[in-house]
Amino acid sequence: MWTLLARFSLRNRIPILIGLALVTVFMAYQATFVKLDYNLPRLLPHNDITNLNYNHFIKVFGSHGNVVVIGTHDEKLWELQHFNAWHDMGNSIKDIDGVDKIISVAHAYNLSKNKDEKRFDIEPIAETKPSTQAELDSIKNVVLSLPFYDGVIYNKETGATLIALSLDKEIINSKNRKELIYSISDVINQFEQEHHLDVRYSGLPYIRTNITVLLKREMKLFTVLAALLAAAIL
């Protein structure tokens, strides 16, 4: 059988090589249409009670899947120059297309009583950058007096603080997520270099983006290595 197969291959080597070349070109062309799905796979049916409860929870309380957290430890945060730098970095990130909202000690809010409308209004604690240390001290006293911010955007014991970013859900579930995360990283990297601080990242969009980039890079690497191995074996 192997002799017949060898004779057939040698006698028809040109048509076989042409056929393999056409198949290879066709497969390479089809590979250009391969896309990555940026959404999490659904493990449960739509009508499953657990899935229904989860969707109801998301509808009422929202989802944290579009939040990126940026944290650092700056002992001089409540000094005018450092606070304003933190404030400016937050504004630069907020101006990036795809960033919906941010919150930090420099972009915190407080409730004020509206007696005329009989309701509570949400107002920024620092409407503008403080120009003097006395203004900053006043902002600091207000922020530190609000217990629901302690352990969320700052830590009294360690002095650590963070900025929480709410990102556009349409963008983070598309291929444009990479450009959005990298734009945010560029602003933060510049802040790190100018002020010599170590800034850390977290959040599902950041983690998923890095995993996706790593996956795409490794897919290309393993494809090349597999082709070289197959060529060596042949």
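Look up: the structure comes first, before these words.
Scoring rules and cut-offs
- Residues numbered from 1 in each chain as written.
- Predicted model: local features only at pLDDT ≥ 70, side-chain atom pairs only at ≥ 80, totals over all residues.
- Heavy atoms only, no water.
- Helix = DSSP H or I, 4+ residues; strand = E, 2+ residues; numbered from the N terminus.
- Rg over C-alpha atoms; globule rule 2.2 N^0.38 Å.
- Buried < 20%, exposed > 50% of the residue type's maximum accessible area, 1.4 Å probe, protein only.
- Phe/Tyr/Trp six-rings, centres within 6.5 Å; stacked < 30°, edge-to-face > 60°.
- Expected span 1.5 Å × (residues − 1).
- Arc of directions from axis to C-beta.
- Contact = heavy atoms within 4.5 Å.
- Axes fitted to C-alpha atoms, helices over the stretch in contact; angles between N-to-C directions.
- Left-handed = near helix turned anticlockwise from the far one by under 90°.
- Nonpolar A, V, L, I, M, F, W, Y, C, P; charged D, E, K, R; others polar.
- Salt bridge = Lys/Arg side-chain N within 4 Å of Asp/Glu carboxyl O.

Undergrad: Give a description of the overall build of the protein chain that names residues and reports values.
TA: Looking only at helices and strands, the protein chain has 8 helices and 6 strands in total. Going from N to C terminus, the protein chain has its helices and strands arranged as α-α-α-β-α-β-β-β-α-β-α-α-β-α. In terms of overall dimensions, the protein chain is more spread out than a globule: its C-alpha atoms have a radius of gyration of 28 Å, far above the 17 Å expected for 234 residues. Referenced to the eigenvectors of the C-alpha coordinate spread, the extents of the protein chain come out at roughly 95 × 50 × 30 Å. Taken over 234 residues, the protein chain has a buried fraction of 29%.

Undergrad: Describe in detail the packing of aromatic side chains, supporting the description with residues and values.
TA: The geometry of an aromatic ring pair is captured by two quantities: the separation of the ring centres and the angle between the planes. As enumerated under the stated definition, the model contains 5 aromatic pairs in all. Ring plane angle 10° and centroid distance 4.9 Å describe the contact between Tyr201 and Tyr206, whose orientation is recorded as stacked. What makes Tyr201 partly exposed here is its relative accessible area of 23%.

Undergrad: Quick one: what's the story with helix H5 (residues 133–144), residue by residue and with numbers?
TA: The end-to-end C-alpha distance of H5 is 16 Å, a good match for the 16 Å that 12 residues give at a rise of 1.5 Å each. When H5 is considered as a whole, its buried residues turn out to be Leu136, Ile139 and Val143. The arc that holds every buried residue of H5, seen down its axis, measures 60°, which confines them to one face. Across H5 from its buried face, at more than 90 degrees, point the exposed residues Ala134 and Asn141. The secondary structure elements touched by the buried residues of H5 are helix H4 (80–94).

Undergrad: Which residues make up the packing of helix H7 (residues 177–195) against helix H8 (residues 204–233), and what values go with them?
TA: One way to put it is that H7 packs onto H8 with a least axis distance of 10 Å and a crossing angle of 115°. The element H7 and its partner H8 pack so that their crossing is left-handed. In contact with Arg177, Lys178, Ile181 and Tyr182 of H7, H8 contributes Pro205, Tyr206, Arg208, Thr209, Thr212 and Val213. Grouping the constituent residues of the contact of H7 with H8 by class yields 5 nonpolar, 2 polar and 3 charged.

Undergrad: Break down the pattern of salt bridges for me, with residues and values.
TA: Scanning the model with the defined rule gives 3 salt bridges in all. Asp121 is the salt-bridge partner of Arg119, the closest N and O atoms lying 2.9 Å from each other. Owing to a relative accessible area of 18%, Asp121 belongs among the buried residues under this scheme. The salt bridge involving Asp198 is made with Arg200; its shortest N-O contact spans 2.9 Å. When its relative accessible area of 46% is taken as the criterion, Asp198 is described as partly exposed. Residue classification places Arg200 among the exposed positions, given a relative accessible area of 56%.

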